[in-house]
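Notes for the structure review
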Amino acid sequence: MHLAVYLPLLFPALAGLSAEPLARRLEPRLATWLLTAAGLLLAASSTLVLGLLALAGLVRIPLVDALKGYSPEVIARQDPAAWPAALAGAVLLALAVLAAVRLAARRAGALWSAALEAACLPGPGPVVVTDDPGADAYAMPGLPGRIVISHGMLDALDAAGREILLSHERAHLRHHHYAFVSLTQLAAAANPLLRPLARAVTYTVERWADEHAARRSGNRRAVAETVARAAVAAKRSRARSRIPAAALGILGRRPGPGMVPRRVAALLAPPPQSPPLLLAAAAALLAATGVCALDAAYDLHRFLELAHVH
């Protein structure tokens, strides 16, 4: 159990380092699905092994041994986890669960608020145009979701650019990009080493929407120009609208500075491909994580059975 229980705690660091290259080189839709699944599996595996470490320390308490009928001699001889490791595992497990629950509550509240706000927007159509002179545009999840565009953004774009913007925002709603972002943020809350992965997913959903708009328009350069113009218009003006925390849009605010130039450069390049070697390496990492976590759980189970029999 010693080696298997610690490897799932190290793999998220490797995933965090490789998230940005994967987001840059893989096709955006595939990258989004892969990184989201990887984040959830890595967070679940690391949380599981923290629980195993905590449990291995718990069974060494004499009162627990007496209640469960475990043999103190077997436990002392086998020594599944040292006291410092077990104590650290218990503390980290508590912090991970607390952070994940808090993040889940906040994201659920943000999504619920966005859905209510989307339902209360004027007009029956999916697109709502505000009187704000500042340039802004975003998609609000809901049943149904709505697309909010300011007059300032419409004035900054020509007819072709407006159609590209709408296509981009429709992609966010149609493919439920907010769910991918929320799930990876939840994984990063449970394991902070996955924060680079969560930022990468926020980038890949924007790239996914960009590629969708490029396929619909048939002109990658026009989409790149629209993204750049929207960003310049938003920088020159200040939109007065309050943007819901669950909203996604063509401006792509969440990952921080530098994302718009990267998106424009990607649109000016040929459509991205997915190197098989990268996919194989990612699959190997995920498989190793799952195997190590299951192996550690099996070893602890066998150990407890042995202690109970004796």
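Residues numbered from 1 in each chain as written. Predicted model: local features only at pLDDT ≥ 70, side-chain atom pairs only at ≥ 80, totals over all residues. Heavy atoms only, no water.

1. Section: the packing of helix α8 (residues 177-190) against helix α9 (residues 195-217)
- Two elements in contact, α8 and α9, have axes whose closest approach is 8 Å; the angle formed by their N-to-C orientations is 170°. In terms of their interaxial angle, α8 and α9 are classed as roughly antiparallel. Between α8 and α9, the residues in contact are H177, F180, V181, T184, Q185 and A188 and R195, L197, A198, V201, T202, V205, W208 and A209, respectively.
- Along the lines of polarity and charge, the residues of the contact of α8 with α9 split into nine nonpolar, four polar and one charged. (Axes fitted to C-alpha atoms, helices over the stretch in contact; angles between N-to-C directions. Helix = DSSP H or I, 4+ residues; strand = E, 2+ residues; numbered from the N terminus. Parallel < 35°, antiparallel > 145°, perpendicular 65-115°, else oblique. Contact = heavy atoms within 4.5 Å. Nonpolar A, V, L, I, M, F, W, Y, C, P; charged D, E, K, R; others polar.)

2. Here's the deal with the nonpolar core
- A15, L35, L42, L194, L197 and V201 are the most contacted members of the largest nonpolar core, which has 33 residues in total.
- Mapped onto this core, the elements with two or more residues apiece are α1 (2-25), α2 (28-58), α8, α9, α11 (259-268) and α12 (276-309).
- Every residue in contact with A15, bar those within four places of it in the chain, is listed here: L42, L194, L197 and L285.
- Residues I149, L166, A214 and L251 belong to the second largest nonpolar core, which totals 25 residues. (Core = buried A, V, L, I, M, F, W, Y, C linked by side-chain atoms within 4.5 Å. Buried < 20%, exposed > 50% of the residue type's maximum accessible area, 1.4 Å probe, protein only.)

3. A few points about the packing of helix α7 (residues 159-174) against α9
- Taken N-terminus to C-terminus, the directions of α7 and α9 make an angle of 130°; their axes are 8 Å apart at the nearest point. Accordingly, the angle class assigned to the pair α7 and α9 is oblique. Considering the relative orientation of α7 and α9, their crossing is right-handed. Residue-level contacts link I164, S167, H168, A171, H172 and R174 of α7 to V205, E206, A209, D210, H212, A213, R216 and S217 of α9.
- Residue composition of the contact of α7 with α9, grouped by class: five nonpolar, five polar and four charged. (Left-handed = near helix turned anticlockwise from the far one by under 90°.)

4. Some details on empty space enclosed by the protein
- On inspection of all chains with the given rule, the structure shows one cavity of 30 Å³ or more.
- By volume, the largest cavity is sized at about 30 Å³.
- Lining the largest cavity, in full, are A139, P141, H172, L173, H177, Y178, A246 and L248.
- Class assignment for the residues of the lining of the largest cavity results in six nonpolar, two polar and no charged. (1 Å grid on protein atoms, 1.4 Å probe; cavity = no way out; pocket = protein on both sides within 12 Å on 5 of 7 lines; lining within 4 Å. Points joined across faces, edges and corners; volume = space filled by probe spheres on them.)

5. Regarding the environment of V5
- Counting through the fold element by element, V5 comes out in helix α1.
- According to the relative accessible area criterion, V5 is buried, its value standing at 1%.
- The spacing of V5 and D299 is 294 residues in sequence and 9.6 Å in space, taken between C-alpha atoms.
- Beyond its immediate chain neighbours, meaning those up to four positions away, V5 contacts V49, L52, L53 and A296.

6. Details of the pairing of strand β2 (residues 137-140)
- Both faces of β2 are covered, namely the face carrying A137 and A139 and the face carrying Y138 and M140.
- Counting the residues that bridge the hairpin from β2 to strand β3 (residues 146-150) gives five residues. (Pairing = 2+ DSSP bridges.)

7. Considering the pairing of β3
- Of all five residues in β3, five are buried; the element is thus mostly enclosed.
- With burial as the criterion, each face of β3 is covered, one bearing R146, V148 and S150 and the other bearing I147 and I149.
- Where strand β1 (residues 127-130) and β3 come together, four bridges link them in parallel fashion. Bridge pairing in β3 places V127 opposite I147.
- Bridge count between β2 and β3: four bridges; the pairing is antiparallel. By the bridge assignment for β3, M140 is matched with R146.

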